[in-house]
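Structure assessment
These are the residues of each chain, in order.
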Amino acid sequence: MNSQERASFGSKLGIVLATAGSAVGLGNVWRFPYMTGENGGAVFIAIYIGCVLLLGIPCMVSEFIIGRHSQSNTARAYRKMGGTGWGLVGYMSVLTGFLITGYYAVVSGWCLQYVWASMCGELSGDSAAIADYFQTFSTHPWRPLLWLAAIMLLTFVVVAGGVRRGIERASKLLMPILFLLLLIIVVASCLLPGAGAGVEFLLKPDFGHLSRGVFLSALGQSFYSLSLAMGCVCTYASYFSRDTDLGKSAIQIGIIDSLVAIMAGLMIFPAAFSVGVNPDSGPSLIFITLPNVFQQAFHAMPAVGYVVAIMFYGLLSLAALTSLISLVEVSTAFCHEELHITRSRATLLVISAASLIGVFCSLSLGGVDGLSIWGKSLFDAFDFVTGQVFLPIAGFLTCIFIGWSVPSNIVRDEFTNGGKLRGTYFATYLFLVRYVCPICILLIFLNQLNVI
Ligand code: TRP
């Protein structure tokens with residue numbers, strides 16, 4: 001397929017919003033705020049922003065370069081630029097993206113179900129009742145599967161619609177709605193009595209927490225949050241135009257992603273502190289603690305609480321949907337180009353296969369016994385293998401590939417759009433990708449495996 005007939009994004013805004021849509025996801029809304037609270041508030045935010053600037057953005061630019069230079073799906077992109085050996089890294093990224101799709105879709109389905117539940121007023125009662133609701137729902141044999149099917153159907157409609165008419169159009173519509181919802185909830189949350197304590201908890205610099213672990217958590221979170229090393233950024237970049245400024249786009253996406261993460265903190269902590277609840281981590285934060293917080297915080301104005309809860313889960317669903325779209329696109333582009341099937345067939349194939357994984361992941365949480373590997377439920381096992389093993393390996397190898405294997409004149413050419421841009425920061429970029437990024441990624445990896 002030559003580059004003439006290859007799909008592309010139609011505008012700069014579309015490029016930034018679609019890629020930011022991939023980056024802004026569940027990681028921003030529940031993981032970042034909690035980690036910030038745990039790891040010293042403003043100090044963590046500062047370290048996190050440092051990680052995004054020094055590591056996340058250079059790695060994102062590297063994936064941009066690979067994708068745009070080769071104008072292909074991720075597996076072929078690595079192969080085209082580096083031969084069969086490096087091609088394996090591309091295959092690994094596609095595989096990671098594919099494996100994560102199923103379980104990301106399960107959680108996205110839960111978000112959708114919670115929009116419905118808040119509309120029907122099902123998320124009421126005391127905190128035990130709400131915890132019980134989540135437990136009963138997530139381990140139910142088929143109810144989560146219906147919502148999985150619903151979110152997959154939405155994703156199908158967008159991805160099968162094509163790059164410009166599906167993905168770009170959906171991102172331009174959904175991302176502004178997401179920002180608006182976020183802004184409204186932040187204002188509502190910060191206006192609650194006693195909200196100041198939450199803002200203070202989130203933003204007060206507390207140097208007492210500084211440790212190696214804080215740096216490593218910030219680093220891991222920045223990679224996860226920017227959707228790196230799963231082929232998404234690389235696949236989207238293959239639809240960028242020749243005159244897209246890669247460095248500038250990566251910075252804009254980094255800023256949007258970090259801003260959403262910080263605003264998510266300003267949405268959750270003030271409300272939680274205003275009712276004296278200490279927010280905890282993981283699924284229980286968004287699916288158990290928060291329904292409770294909304295209900296209590298707005299008890300004097302139940303109508304506001306009702307609307308805020310619907311908006312919150314709507315926001316989560318949108319964030320999850322745009323990320324899911326990018327995940328599905330990685331394998332869709334792969335199947336479309338490698339198996340030479342039409343885009344809609346490729347989408348159908350990917351969504352059916354990923355849904356099957358999703359079904360098993362969902363059932364492994366309680367619907368069916370015995371769905372486990374290495375003593376973990378399938379759900380946790382997928383999370384572990386993709387996020388903590390494949391992701392750092394692919395990220396590390398991508399830096400080595402661009403920093404050391406691809407001739408630097410090719411890298412410079414992409415960075416400066418063939419000399420049209422001045423490329424003031426090229427030397428800095430290359431230094432970061434050659435030395436700083438690989439060392440830091442290696443550190444996270446070893447730390448995750450408890451080797452250091
Ligand atoms: N960045 C997403 C988030 O913040 C999660 C994620 C990681 C992701 N890798 C991805 C999403 C790849 C889409 C594609 O939640």
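Now for a look at the structure at hand. (Residues numbered from 1 in each chain as written. Predicted model: local features only at pLDDT ≥ 70, side-chain atom pairs only at ≥ 80, totals over all residues. Heavy atoms only, no water.)

1. Thoughts on the overall build of the protein chain
- Each helix and strand counted, the protein chain has 17 helices and 2 strands in total.
- Its C-alpha radius of gyration of 21 Å places the protein chain within 12% of the 22 Å reference for a compact globule of 452 residues.
- Reported as C-alpha extents along the three principal axes, the dimensions of the protein chain are approximately 65 × 50 × 45 Å.
- Residues classed as buried in the protein chain amount to 57% of the 452 residues present.
- Here the analysis covers contacts within the protein chain between residues at least 6 apart in sequence; of these, 81% occur between residues at least 24 apart.
- Accessible area of the protein chain: about 17800 Å², with a carbon and sulfur share of 66%.
- In the protein chain, which carries 23 positive and 21 negative side-chain charges, the distance between the mean positions of the two groups comes to 13 Å. (Helix = DSSP H or I, 4+ residues; strand = E, 2+ residues; numbered from the N terminus. Rg over C-alpha atoms; globule rule 2.2 N^0.38 Å. Buried < 20%, exposed > 50% of the residue type's maximum accessible area, 1.4 Å probe, protein only. Contact = heavy atoms within 4.5 Å. Areas by Shrake-Rupley, 256 points an atom, 1.4 Å probe, with all protein chains shown as cover. Lys, Arg positive; Asp, Glu negative; His and termini not counted. Charge placed at Lys NZ, Arg CZ, Asp CG, Glu CD.)

2. What to know about the site of the ligand
- The local shell around the ligand holds 15 residues, among which Ala 23, Leu 26, Gly 27, Asn 28 and Tyr 224 are the closest.
- Take Ala 23: an N or O atom from its main chain is 3.0 Å from a nitrogen atom of the ligand.
- Between the ligand and Ser 227 there is a distance of 3.1 Å, counted from a nitrogen atom to a side-chain nitrogen or oxygen.
- Among the elements of the structure, helix H1 (12–23), helix H2 (26–38), helix H9 (212–225) and helix H13 (302–338) are those that each provide at least two residues to the shell around the ligand.
- Residue composition of the shell around the ligand, by class: 7 nonpolar, 8 polar and no charged. (Near = heavy atom within 4 Å. Polar contact = N/O pair within 3.5 Å; in protein donor to acceptor, adjacent residues only side chain to side chain. Nonpolar A, V, L, I, M, F, W, Y, C, P; charged D, E, K, R; others polar.)

3. Considerations on the packing of aromatic side chains
- One pass over the full model with this rule turns up 27 aromatic pairs.
- Seen in terms of ring centroids, Phe 9 and Tyr 236 are 5.6 Å apart; in terms of plane orientation they differ by 85°. Their pairing is edge-to-face. One end of the pair, Phe 9, is in the segment before H1; the other, Tyr 236, is in helix H10 (residues 232–237), with 227 residues separating them in the sequence. Like Phe 9, the residue Tyr 236 is buried in the burial classification.
- Here the aromatic residues Trp 110, Tyr 114, Tyr 133, Phe 134, Phe 137, Phe 287, Phe 294, Phe 312 and Tyr 313 are joined through ring pairs into a cluster of three or more.
- One Lys or Arg, Arg 31, reaches over the ring of Tyr 224 and ends 5.2 Å from the middle of that ring.
- The cationic tip of Arg 434 hangs over the ring face of Trp 404; the distance from NZ or CZ to the ring centre is 4.9 Å. (Phe/Tyr/Trp six-rings, centres within 6.5 Å; stacked < 30°, edge-to-face > 60°. Lys NZ or Arg CZ within 6 Å of the ring centre and 35° of its normal.)

4. Some remarks on the packing of helix H3 (residues 42–70) against H9
- Put simply, H3 and H9 touch, their axes get as near as 8 Å, and they point 50° apart. Relative to H9, the element H3 lies oblique. Relative to H9, H3 is oriented so that their crossing is right-handed. Side by side, H3 and H9 meet where Phe 44, Ile 47, Tyr 48, Cys 51, Val 52, Leu 55, Gly 56 and Cys 59 of the first sit next to Val 214, Phe 215, Ser 217, Ala 218, Leu 219, Gln 221, Ser 222, Phe 223 and Ser 225 of the second.
- The residue makeup of the contact of H3 with H9, split by class, is 12 nonpolar, 5 polar and no charged. (Axes fitted to C-alpha atoms, helices over the stretch in contact; angles between N-to-C directions. Parallel < 35°, antiparallel > 145°, perpendicular 65-115°, else oblique. Left-handed = near helix turned anticlockwise from the far one by under 90°.)

5. Topic: a nonpolar patch on the surface
- A grouping of Trp 404, Phe 431, Tyr 435, Ile 439 and Leu 443 is seen on the molecular surface, where their side chains present a nonpolar patch of about 530 Å² in accessible area.
- If you tally residues by element for the nonpolar patch, the top one is helix H17 (residues 426–448), at 4 residues.
- Examined against the element boundaries, Tyr 435 turns out to sit in helix H17. (Patch = residues over 30% accessible without salt bridge, like charges linked within 9 Å, V, L, I, M, F, W, Y side chains within 5 Å. Salt bridge = Lys/Arg side-chain N within 4 Å of Asp/Glu carboxyl O.)

6. Observations concerning the pattern of salt bridges
- Taken as a whole, this structure holds 7 salt bridges when the rule is applied.
- In this structure, the salt-bridge partner of Arg 68 is Glu 414, at a minimum N-O distance of 2.9 Å. Linking Arg 68 in helix H3 with Glu 414 in helix H16 (residues 408–415), this pair joins segments that are 346 residues apart in sequence.
- The class of Glu 414 is buried, set by a relative accessible area of 6%.
- Glu 168 is paired through a salt bridge with Lys 172; the nearest N and O atoms lie 3.5 Å apart. Placement of both Glu 168 and Lys 172 in helix H7 (residues 163–190) is noted, with a separation of 4 residues, approximately one turn of the helix.
- The class of Lys 172 is partly exposed, set by a relative accessible area of 35%.
- The network of salt bridges with shared partners includes Arg 68, Arg 242 and Glu 414.

7. Some remarks on unusual backbone geometry
- Notably, Ser 227 is not glycine yet its phi reads approximately 60°, a positive angle.
- One can find Ser 227 in the loop between H9 and H10.
- The residue His 340 is not glycine, and still its phi comes out positive at about 50°.
- Along the polypeptide, His 340 turns up in the loop between H13 and helix H14 (343–367).

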